[in-house]
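Survey of secondary and tertiary structure
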Amino acid sequence: MLDPALLRGQLATVAERLATRGYTLDVTAIETLESERKTVQSATQELQNLRNTRSKAIGIAKGKGEDVAGLMGEVAAIADKLAENETRLADIQQRLGAIALQLPNLPDPGVPHGADENDNVEQHRWGDPRVFDFPVKDHVELGARHGWLDAETAAKLSGARFTVLSGEWARLHRALAQFMLDLHAGEHGYRETSVPLLVNADAMQGTGQLPKFEDDLFATLVGDSRRYLIPTAEVPLTNIVRERILDAAELPLRMTAHSMCFRAEAGSGGRDVRGMIRQHQFEKVELVSIAKPAESATEHERMTRCAEVVLEKLGLPYRRMLLCTGDMGFAAARTYDLEVWLPSQSTYREISSCSNCGDFQARRMLARWRNPDGGKTELVHTLNGSGVAVGRALIAVVENYQNADGSIDVPEVLRPYMGGLARIG
């Protein structure tokens, strides 16, 4: 959520910056509500002062034995008007709050302006794409060879955009997740965490999924209890610090979790329906950092580097992209995407997205830290990133390490997790 002070004092600037994200701010609606709020609030304060004055007068009059019926009637009338004003003020504030919850984060000043992914800026590349001397198969063809990847059975069980993995591919998928967890919890110093897959609406609102993206979420309803299946472990991990005040010594707080993720993909427009690129259920190893504001930019670079190391150890060519204003996620102020090379498509595809959200999520969650310089509490900065998407890593491994006969070489770092196997199939 944006700082309310910005909406009150710098509305034109906020509108201009949001416009770079393709978001049109209804300035007139906010100005009208703010004007009404000020008027009602001023009138409410005047009524409160008048009530206090008349109440004191009643006390004085009673002390003198005077008739106070008139004064008491006046105070009662003031109380009725106050209650009416307070109800009206609460309604105005609720409407302003509803608008604020729909507003995306302001882009960092260093983010390039642009409309979509075509305006993202490449930062660097690592690794050279392999040159094959045989026709390249995509992951769907490779997975069909031994029934390792089965979308038909998954469709019978759950519908479109689900898959069943079996045999050596299921094992390779598990090996990737374990490798990533060990790397981030071991070498990179993130605290391994196991989180719930179901969360309440407050948690979803805290990280920005609600109310704007309800159509993209899966929800359960048991009795009167509504819970949401997490679209990413970012949601429960980040909400661990909701309504907490952290000591400076606790920061940066770095956490990692391997979890299933669930996305309805209501706005995906039928893209990538074949295979495992875009599914309703997938797995990801998530990275979350809670940082001091002055350190979040450095923490963002560090987090992105941790995700890059995963791809480098797997020997997968990739590039880092700085997303433009029009391609960033709702809560992000600055985002790097890592895109891995997929031979079957002869292009790079996203496998990790690492974002600095500034204090946007923290303000929603009331997540703060105590600054030792003065002892005051301040909002923390929150960061999140994929470290990395397990299913897409599987796709990248099998396509980049495929052989002419359809077998797949196992990257060296994964062999300990595969019982020493150097090749599958």
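Coordinates for the structure precede this section.
Sequence order as written defines the numbering, with residues in each chain counted from 1. For a predicted model such as this one, the threshold for reporting local features is a pLDDT of at least 70, and the threshold for listing and counting side-chain atom pairs is 80 or more; totals across whole chains, interfaces and linings nevertheless cover every residue. Side-chain figures throughout are based on the complete set of non-hydrogen atoms in the structure, without hydrogens or water.

Moving on, we get to the overall build of the chain. Of the regular secondary structure elements, the chain holds 12 helices and 18 strands. Projected onto its principal axes, the C-alpha positions of the chain cover 105 × 50 × 40 Å. Buried, partly exposed and exposed residues are distinguished by accessible area as a fraction of the type maximum, computed with a 1.4 Å probe on protein chains only: under 20%, between the cut-offs, and over 50%, respectively. Counting over 425 residues, the chain shows a buried share of 48%. The contact criterion used throughout is that any non-hydrogen atoms of two residues lie within 4.5 Å. If you take every contact in the chain between residues at least 6 apart in sequence, the share linking residues at least 24 apart comes to 73%. Carbon together with sulfur atoms contributes 48% to the accessible area of the chain, which is approximately 19,900 Å² in total. Each charge class in the chain can be summarised by its mean position, and for the 49 positive and 58 negative side chains these summaries are 3 Å apart. Segments assigned H or I by DSSP are reported as helices when at least four residues long, segments assigned E as strands when at least two residues long, and all are numbered from the N terminus. Accessible surface area values rest on a Shrake-Rupley calculation with a 1.4 Å probe, where residue burial reflects the displayed protein chains alone. Counted as positive: Lys and Arg. Counted as negative: Asp and Glu, with His and the chain ends omitted from the count. We put the charge of a Lys on NZ, of an Arg on CZ, of an Asp on CG and of a Glu on CD.

The buried fraction of helix 12 (residues 390-400) is high, at 11 of 11 residues. Of the residues making up helix 12, those classed as buried are Val390, Gly391, Arg392, Ala393, Leu394, Ile395, Ala396, Val397, Val398, Glu399 and Asn400.

Further remarks concern the packing of aromatic side chains. To describe a pair of aromatic rings, one takes the distance between the centres and the angle between the planes. Here a pair means two rings of Phe, Tyr or Trp (six-membered ring of Trp) with centres within 6.5 Å. Their orientation is stacked below 30 degrees between planes, edge-to-face above 60, and tilted elsewhere. Counting across every chain of the model gives six aromatic pairs. Between the aromatic rings of Phe330 and Phe360, the centroid separation amounts to 5.7 Å while the plane-to-plane angle is 75°, which identifies the pairing as edge-to-face. Here Phe330 is found in the loop between strand 11 (318-322) and strand 12 (334-342), whereas its partner Phe360 is found in helix 11 (residues 360-365), with 30 residues between them in sequence. Assigned by exposure class, Phe330 and Phe360 land together as buried. Here Trp341 and Tyr348 contribute two aromatic rings whose centre-to-centre distance is 5.1 Å and whose plane-to-plane angle is 70°, an arrangement assigned as edge-to-face. With respect to class, Trp341 is no different from Tyr348; both count as buried. Among the aromatic residues, ring-to-ring pairing joins Phe213, Phe330 and Phe360 into one connected group.

Before going further, it helps to examine the environment of Met72. Considering the arrangement of structural elements, one finds Met72 in helix 4 (residues 69-102). Between the C-alpha atoms of Met72 and Ile58, which are 14 residues apart in sequence, the distance is 7.2 Å.

What follows is about the pairing of strand 16 (residues 381-389). For strand 16, a buried count of nine out of nine residues is recorded, marking the element as mostly surrounded by other parts of the structure. Across seven bridges, strand 10 (residues 281-291) lies against strand 16 in antiparallel orientation. Residue pairing in the sheet places Leu287 in a bridge with Gly385 of strand 16. As defined by bridge partners, strand 13 (residues 347-356) adjoins strand 16 across three bridges and the pair is classed as antiparallel. Each residue of the ladder has a partner; that of Ser355, found in strand 16, is Asn384. When DSSP locates at least two bridges between a pair of strands, those strands are taken to pair.

Put simply, a salt bridge is a Lys or Arg side-chain nitrogen that is within 4 Å of an Asp or Glu carboxyl oxygen. Scanning all chains against the criterion turns up 23 salt bridges. With a closest N to O distance of 3.5 Å, Glu84 and Lys81 form a salt bridge. Remark: Lys81 and Glu84 occur in helix 4; sequence separation between them is three residues, near one turn of the helix. One connected set of salt bridges, linked through shared partners, spans Glu301, Arg305, Glu308, Glu312 and Arg320.

Let us look at the pairing of strand 12. Among the nine residues of strand 12, nine are classified as buried, and the element is accordingly described as predominantly covered. Side chains of strand 12 alternate between two faces, with Arg334, Tyr336, Leu338, Val340 and Leu342 and Thr335, Asp337, Glu339 and Trp341 buried alike. Alignment of strand 11 against strand 12, held across five bridges, turns out to be antiparallel. Considered in strand 12, the bridge of Met321 is made with Asp337. Alignment of strand 12 against strand 13, held across nine bridges, turns out to be antiparallel. Looking across to strand 13, one finds that Val340 is bridged to Arg349. Between the antiparallel neighbours strand 12 and strand 13 lie four residues, among them Ser346 with a positive phi of about 50°.

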